[in-house]
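Understanding the architecture of this molecule
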Amino acid sequence: MTATISVRVEGPVGLDEPDELLAELGRETGLQWRLDVPDEDGGTLDGGLSAALLIAALSSATTTVVQAAVQRAIDSWRARRLDPPPVTIIVLPPPQPPRPPAAADGERPAAPEGS
């Protein structure tokens, strides 16, 4: 199972800036990232994007290590801007398998089949 990490950049973003951040995130984390532009935000009057969502899947990588690498890439990218847009990092853990229901008080849990 894989977790998902996403980076949301809000505010005016130039047309080439998401690609620059994608490249920086890829170099820093070693993960494949994809760009998703949310429909509800659309563009700005100057043609730039008003929001961008960059998403990658985490598999065997340690989430904490990847989050630190993502933060370094974002800090570096934002440092090159005169007016850096707000950036949010979101980590969604993999879905957990359903757990069997707990036995009621005084009842023994059902034995697994074949035992």
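Residues numbered from 1 in each chain as written. Predicted model: local features only at pLDDT ≥ 70, side-chain atom pairs only at ≥ 80, totals over all residues. Heavy atoms only, no water.

Quick look at the overall build of the protein
Using the following cut-off: For helices the rule is a DSSP run of H or I covering at least 4 residues; for strands it is a run of E covering at least 2, with both sets numbered from the N terminus onward. Throughout, exposure labels follow a simple rule: accessible area from a 1.4 Å probe, protein chains only, divided by the maximum for the residue type, with under 20% read as buried, over 50% as exposed, and the rest as partly exposed. The protein chains shown are the only cover counted for residues, whose accessible areas, like all others here, come from Shrake-Rupley with a 1.4 Å probe.
Secondary structure summary: the protein contains two helices and four strands in total. Starting at the N terminus, the α and β elements of the protein follow one another as β-α-β-β-α-β. In the protein, buried positions account for 30% of the 115 residues. A total accessible area of about 7,800 Å² is found for the protein, and carbon and sulfur atoms account for 53% of it.

A word on the nonpolar core
Quick note on the threshold: To form a nonpolar core, buried Ala, Val, Leu, Ile, Met, Phe, Trp, Tyr and Cys residues must be joined to one another through side-chain atoms within 4.5 Å. In what follows, a contact means two residues having at least one pair of non-hydrogen atoms within 4.5 Å.
Formed by 18 residues in total, the largest nonpolar core has its most connected members in Val 7, Leu 21, Leu 25, Trp 33, Leu 54 and Val 70. Mapped onto this core, the elements with two or more residues apiece are strand E1 (3-13), helix H1 (17-29), strand E3 (49-58) and helix H2 (63-79). If we ignore the near neighbours within four places in the chain, the residues touching Trp 33 are Ile 5, Val 7, Leu 22, Leu 25, Gly 26, Leu 54, Ile 55, Ala 56 and Val 70.

Re the environment of Val 9
Tracing the sequence through the fold places Val 9 in strand E1. Exposure remark for Val 9: the relative accessible area of 2% places this residue in the buried category. When the C-alpha atoms of Val 9 and Val 87 are compared, they prove to be 4.5 Å apart, with 78 residues separating the residues in sequence.

Looking at the environment of Arg 8
By the element assignment, Arg 8 lies in strand E1. By relative accessible area, which is 19% here, Arg 8 ends up buried.

So, the packing of H1 against H2
Note the cut-off: Helix axes are fitted to C-alpha atoms over the stretch in contact, other axes to C-alpha atoms as well, and angles between N-to-C directions run from 0 to 180 degrees. Oblique is the label for every angle not falling under 35 degrees (roughly parallel), over 145 degrees (roughly antiparallel), or within 65 to 115 degrees (roughly perpendicular). What makes a crossing left-handed is the near helix being turned counterclockwise from the far one by less than a right angle; a clockwise turn instead makes it right-handed. Gly counts as polar in this scheme, as do all residues outside two lists: the nonpolar Ala, Val, Leu, Ile, Met, Phe, Trp, Tyr, Cys and Pro, and the charged Asp, Glu, Lys and Arg.
As a packed pair, H1 and H2 sit with axes 9 Å apart at the nearest point and diverge in direction by 140°. If you check the angle between H1 and H2, you find them oblique. Here the hand of the crossing between H1 and H2 comes out right-handed. Of H2, the residues touching H1 (which contributes Glu 17, Glu 20, Leu 21, Glu 24, Leu 25, Glu 28 and Thr 29) are Val 66, Ala 69, Val 70, Arg 72, Ala 73, Ile 74, Ser 76 and Trp 77. Tallied by class, residues from the contact of H1 with H2 come to eight nonpolar, two polar and five charged.

What to know about the confidence of the model for the protein
Rules: Here pLDDT means the predictor's own confidence in every residue, given as a number from 0 to 100.
For the protein, the average pLDDT comes to 78, and 74% of its residues sit at 70 or higher. No element of the protein has a lower mean pLDDT than E3, which averages 77, and none a higher one than H2, which averages 90.

Quick notes on the pattern of salt bridges
Quick note on the threshold: Salt bridges, as used here, are contacts in which a Lys or Arg side-chain nitrogen is within 4 Å of a carboxyl oxygen on Asp or Glu.
According to the stated counting rule, one finds six salt bridges in the structure shown. Among the ionic pairs, Glu 10 bridges to Arg 8, the shortest N-O distance being 3.7 Å. The closest approach of N and O atoms between Arg 80 and Glu 24, which form a salt bridge, is 2.7 Å. On the criterion of sequence distance, the pair formed by Arg 80 in the loop between H2 and strand E4 (87-92) and Glu 24 in helix H1 is long-range, its members being 56 residues apart. For Arg 80, a relative accessible area of 46% translates into the label partly exposed.

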